[in-house]
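# Survey of secondary and tertiary structure
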Amino acid sequence: MYVDHLLNDESLGLRLLWAEEPQLRQEISGVTATDLEDPARFVRPGEVVLSGLVWWSREDGADRAERFVSALSTAGAAVLLAGEETHGAVPDDLVTACRRHGLPVAAVPAHIMFRAITDTVYLRQWGELSRLQALPGAVRGRLNRLLAREEGPAAVVEAAFAHLGRVRAYVLTASGRTVAATEGADPVPAHEAAALVEGATGATVAVDCETVSPYERWYLHLPEADDAPPRMLREVAEVLARCQESLARRGAAEQQAADELGALLALPAGAELPSLQAVLRGRGLEGEGLHRVIVAEAAAAGSGGADRTGVAVPAEGALAEAVAHLDPAHAVVGRLPDGTAFAVLREDTPDPARGTAAARGRGARSGKDGKDDKGSTGDTAGPGRRTATAGRPAAGAAPDLPAVWALLSAAEPAVALHGGTGRADSAEGLNGALAQARYALASARTTSPDASALIDAASLTGLGTLLTGIPAEVRTAFSRTVLGPLFEAGNPSFAALLETLEIFLACDGSWSRTAEALHLHVNTVHYRVQRVEHFTGRDLSSLYDRLDLRAALLCRPRRPARP
């Protein structure tokens, strides 16, 4: 199928905005839908790229369009199909950038679903695949029956390659989690699997499922590229996409219950919560034992945590993937009333014979017999749920949360993923654990505004770390009040007094050590300390006043580094 074949399909109503004739004869290899501002790592050569343009804004539209189109051009995309629904029309900035980079661009009418375009491409390709016998008809029929029974990816990938003999095939996520694998495939540690997704070795095909976040997106990987033809891999990837979409739909019913739990946990500690125990019991989270609460937010990397509206990667998807990596005994992922993503994990020692009942908010919950609510024994009942089955080889002990966070961060470098964790010894302490986690989340945003970070509330063991969880406005107000005129360090005299104060406190109030560190006479140090006491109204011989001043110094806003 070529680009002009797709553009001339009258049922889609695509409107060409710019292209040169030779480009319309380029063969289409597949379809990718994305609203990431830099989608290069997810686009394969020859692919049609669908975008709803959520990432574009009028304020800096030209720059955003340049980055987006440049990434598509670098990746070798065949054509950009831009949706008109979000902005009413395709922005001129985008068309200009496409012309500059030589990338064909067409408008998708608001009433046309991206799914219709994807189906058009793959149905055309499937017709070609049938003629080329990429998959035998019997195999294709068996895969359709598996999908009708709502089986998981393990059953699908095993059936897809069984006729080829002992082919090693994996279904992986961008962060290196093994979702499924063919029988006999060796376990692959997460950090190694994440590198395989990049496509440096073997053959890797993205599974195009529009209903999951990039963190949860699947990739079909064969270590030996010659084990199956590329067209066959694309066909199997399409089957896996339908499988993942089915799992996502089945899990959607659980979202309301997960959000209900989030609303209950967000209530003040000590409030009467007669329904909380029932909700926890239904999720396997009640009773004694270590419980962990994780909260997360996503922002555009480099925005200082301020730009959350333009991020097309929800933190909830990242938490679902993190939970799937950790493989706890019981878990749930959802949203708090303010939209913050949260996860609750009960960290009992998993029973290998039983598998796991870990479930994300929109994933089906395990039944008592190890089957999902529909009776299927598929290994994945939702985008963020995993069960221990033969289709997913064990790769040793599950990675800990900081290691998983690093994998998630590397998978989406354009997103600053901030997280905080809190702990409770039983379900009764979950409200308090949530408060801990939210405080730790604020600390993560403060200490690492432009990059991903995860902080455990238990790690806030010093005054400096503890203060990072206080809102920036409160920290600034406290510092200004305590330091008085010294807060504004633009005056050279005040700057010298602040430096003396910092060194004096760091030297535990030692006059001689402070003088030595500053290369000053002791009398000069005495004079400066007296001036500090004068301006602040504090007595530096008092422990409490010293603590106040130390806290005020720690709460000062960070000054930009001098060039």
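What counts, and where the lines are drawn
Starting afresh in each chain, residues are numbered from 1 along the sequence in its written order. Thresholds applied to this predicted model are a pLDDT of at least 70 for local features of residues and 80 or more for the giving and counting of side-chain atom pairs; totals over whole chains, interfaces and linings are not thresholded and use all residues. As a convention, hydrogens and water are excluded, and side-chain values are obtained from all of the structure's heavy atoms. To qualify as a helix, a DSSP run of H or I must reach at least 4 residues; to qualify as a strand, a run of E must reach at least 2; elements of each kind are numbered from the N terminus. Exposed residues in this analysis have more than 50% of their type's maximum accessible area, buried residues have under 20%, and partly exposed residues fall in between, with area computed by a 1.4 Å probe over protein chains only. Whether two residues touch is decided by their heavy atoms; if any such pair falls within 4.5 Å, the residues are in contact. For the area figures, the Shrake-Rupley method with a 1.4 Å probe applies, and any residue is considered shielded solely by the protein chains shown. We treat two strands as partners when DSSP finds at least two bridges between them. To form a nonpolar core, buried Ala, Val, Leu, Ile, Met, Phe, Trp, Tyr and Cys residues must be joined to one another through side-chain atoms within 4.5 Å. Think of each axis as a best-fit line through the C-alpha atoms, taken over the contacting stretch in the case of a helix, with angles from 0 to 180 degrees between the N-to-C directions. We call two directions roughly parallel when the angle between them is under 35 degrees, roughly antiparallel when it is over 145, roughly perpendicular when it lies between 65 and 115, and oblique otherwise. Lys, Arg, Asp and Glu make up the charged group, whereas Ala, Val, Leu, Ile, Met, Phe, Trp, Tyr, Cys and Pro make up the nonpolar group; the residues left over, Gly among them, are polar. A pair of Phe, Tyr and Trp rings is counted when the ring centres sit within 6.5 Å of each other, with Trp represented by its six-membered ring. The angle between the planes then sorts it: under 30 degrees is stacked, over 60 is edge-to-face, the rest tilted. By definition, being over a ring means that NZ of Lys or CZ of Arg is both within 6 Å of the ring centre and within 35 degrees of the ring normal. Pairs of cysteine sulfur atoms within 2.5 Å are identified as disulfides in what follows. The patches reported here contain residues having more than 30% relative accessible area and no salt bridge. Joining distances are 9 Å for like charges and 5 Å for nonpolar side chains (Val, Leu, Ile, Met, Phe, Trp, Tyr). Every case where a carboxyl oxygen of Asp or Glu lies within 4 Å of a side-chain nitrogen of Lys or Arg is listed as a salt bridge.

### Quick word on the overall build of the protein chain
- A tally of helices and strands in the protein chain yields 19 helices and 15 strands.
- Classification of the 563 residues of the protein chain by burial places 53% in the buried group.
- Across the protein chain, contacts joining residues at least 24 apart in sequence account for 69% of those joining residues at least 6 apart.
- Here the protein chain displays about 24300 Å² of accessible surface, and carbon together with sulfur accounts for 52% of that area.

### Focus: the pairing of strand E8 (residues 203–206)
- Of the two faces of E8, the one carrying Ala203 and Val205 and the one carrying Thr204 and Ala206 are both buried.
- Sheet topology note: the E8/strand E9 (residues 218–222) ladder contains four bridges and is antiparallel. Paired with Val205 across the strands is Leu220, a residue of E9.

### Notes on the nonpolar core
- Judged by nonpolar contacts, the single largest core of 33 residues is most densely connected at Leu143 and Phe161.
- If you list the elements that add at least two residues to this core, you get helix H5 (137–148), helix H6 (153–161), strand E7 (178–181), E8, E9 and helix H8 (230–252).
- With nine residues, the single largest contributor to this core is H8.
- Apart from the residues lying within four places of it in its own chain, the contact partners of Phe161 are Val167, Ala169, Thr182, Leu220, Leu222, Ala228, Met232, Leu233 and Val236.
- Grouped together as the second largest cluster of nonpolar side chains are 22 residues, Leu53, Ala75, Ala77 and Cys98 included.

### Points about the packing of helix H16 (residues 492–506) against helix H18 (residues 522–536)
- For the pair H16 and H18, interaxial distance at closest approach is 9 Å and the crossing angle is 105°. Judged by the inter-axis angle, H16 sits roughly perpendicular to H18. Contacts from Phe494, Ala496, Leu497, Thr500, Leu501 and Phe504 in H16 reach Arg528, Val529, Arg531, Val532 and Phe535 in H18.
- Of the residues that constitute the contact of H16 with H18, the class distribution is eight nonpolar, one polar and two charged.

### What about the packing of aromatic side chains?
- Considering all chains together, one arrives at four aromatic pairs under this definition.
- Plain terms: the ring middles of Phe42 and Tyr219 are 6.3 Å apart, the flat faces sit at 25° to each other, and that makes the pair stacked. Taken as a pair, Phe42 in the loop between strand E2 (30–33) and strand E3 (47–51) and Tyr219 in strand E9 lie far apart in primary sequence, 177 residues in all. Each member of the pair, Phe42 together with Tyr219, is buried.
- Arranged with centres 4.3 Å apart and planes meeting at 20°, the rings of Trp55 and Phe68 form a pair that is stacked. Within this pair, whereas Trp55 is found in the loop between E3 and helix H2 (61–75), its partner Phe68 is found in helix H2, the two being separated by 13 residues in sequence. A single burial state applies to Trp55 and to Phe68, both of which are buried.
- Stacked on the ring of Tyr2, the Lys or Arg Arg25 has its end atom at 4.6 Å from the ring centre.

### Some remarks on the state of the cysteines
- Applying the stated criterion across every chain yields a total of zero disulfides.
- Lacking any disulfide linkage, Cys209 is separated from the closest cysteine sulfur, that of Cys243, by 9.3 Å.
- With a relative accessible area of 5%, Cys209 lands in the buried category.

### Description of the sheet that holds strand E5 (residues 105–108)
- In space, the five strands of this open sheet follow the order E1-E5-E4-E3-E2, with mixed pairing throughout. Each edge of the open sheet is held by one strand with a lone partner, namely strand E1 (15–18) and E2. The average undirected angle you get between the axes of adjacent strands in this sheet is 25°.
- With four bridges connecting them, E2 and E3 associate as parallel partners. From the neighbouring strand, Gly30 faces E3, where its bridge partner is Glu47.

### What to know about H6
- Of all nine residues in H6, seven are buried, a share of seventy percent or more.
- Buried within H6 we find Pro153, Ala154, Val156, Val157, Ala159, Ala160 and Phe161.

### Section: a nonpolar patch on the surface
- A surface patch of nonpolar side chains, about 500 Å² in accessible area, is lined by Leu463, Leu543, Tyr544, Leu547 and Leu554.
- Along the chain, the position of Tyr544 falls in helix H19 (residues 543–555).

### Overview of the pairing of E9
- Burial analysis of E9 places five of its five residues in the buried class, the great majority of the element.
- Going residue by residue along E9, you find Trp218, Leu220 and Leu222 tucked away on one face and Tyr219 and His221 tucked away on the opposite face as well.
- Strand direction decides the pairing type here: strand E6 (residues 170–173) and E9, joined by four bridges, are antiparallel. The residue bridging Val171 from the neighbouring strand is Leu220, located in E9.

### With respect to the sheet that holds E6
- Reading across from one edge, E7-E6-E9-E8 is the order of the four strands in this open sheet, with antiparallel pairing throughout. Looking along the sheet, the strands with just one partner apiece sit at the ends: E7 and E8. Going across the sheet, the axis of each strand differs from the next one's by a mean of 25°, ignoring polarity.
- In this structure, E6 lies alongside E7, joined through three bridges in antiparallel fashion. Its bridge partner lying in E7, Tyr170 is registered against Ala181.
- With respect to the sheet, H6 is in contact with E6, E7 and E9, its orientation differing from that of E7 by roughly 40°.
- Sheet strands in contact with helix H7 (residues 190–197) are E6, E8 and E9, and its direction is about 95° off that of E6.

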